[in-house]
Amino acid sequence: MNKKALLLAVGIPLLTAVLGNLFIPPEGLIWYETLNHPWYKLPLWGSVIVALLIYVGYGVVLYRAGRQGLKTAVLLASAALIGNELWNLAFFGTQNLTLTFWLTVAFAALIFVQARTLQQHDRLAFRISFAYF
């Protein structure tokens, strides 16, 4: 087992999740519940499960990229996790849906580039990243 890759795989998702959630204001969650939601939207607990799956998936991506020495893939996967937390902060913190939309567009582009970087090197990591895209 590659210890450096394991440290990346556990440390980066854990650090981004903890720090990201520390900065989300409680009022943002209250505001979120007041929005009109379509019938097909997951409840908040469902979104938490999806977030956990994303962190685990990106842990796998980071481990595999770290083990193979794919520095660009590690940086882009780390940027994706950081971007995810920044999006959450913008959404719940500013409560500005227009800003959040444009951040979603930029974030999707980052995820696409990150997935494409992995496409030639690691099919499993590519599929995990593309599923998130």
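Please read these numbers as outputs of a predicted model, since none were measured by experiment. (Residues numbered from 1 in each chain as written. Predicted model: local features only at pLDDT ≥ 70, side-chain atom pairs only at ≥ 80, totals over all residues. Heavy atoms only, no water.)

J.: Can you walk me through the side chain of Asn88 in this structure?
T.: Its location among the elements puts Asn88 in helix α4 (residues 71-94). Not counting residues up to four positions away in its chain, the partners in contact with Asn88 are Ile24 and Gly93. (Helix = DSSP H or I, 4+ residues; strand = E, 2+ residues; numbered from the N terminus. Contact = heavy atoms within 4.5 Å.)

J.: What is the right way to read the side chain of Ser78 from this model?
T.: Relative to the elements of secondary structure, Ser78 occurs in helix α4. A polar contact of 2.8 Å, which involves the side chain of Ser78, links it to the backbone oxygen of Val74. Those residues within four positions of Ser78 in sequence are excluded, and the remaining contacts are Ile12 and Leu62. (Polar contact = N/O pair within 3.5 Å; in protein donor to acceptor, adjacent residues only side chain to side chain.)

J.: Mind showing me how you'd approach the confidence of the model for the chain here?
T.: A low pLDDT score tells you not to read the predicted coordinates there in detail. Per-residue pLDDT for the chain averages 92, and the proportion of residues at 70 or more is 100%. Ranking the elements of the chain by mean pLDDT puts helix α2 (residues 26-34) last, at 89, and helix α1 (residues 3-22) first, at 94. (pLDDT = per-residue confidence, 0-100.)

J.: Any chance you could explain the environment of Thr94 here in plain terms?
T.: Structurally, Thr94 can be placed in helix α4. Sequence separation between Thr94 and Arg116 is 22 residues, and the spatial gap between their C-alpha atoms is 31 Å. Sequence-distant contacts of Thr94, that is, excluding residues within four places in its chain, are made with Leu89 and Leu99. Within polar-contact distance, the side chain of Thr94 engages the backbone oxygen of Ala90 at 2.4 Å.

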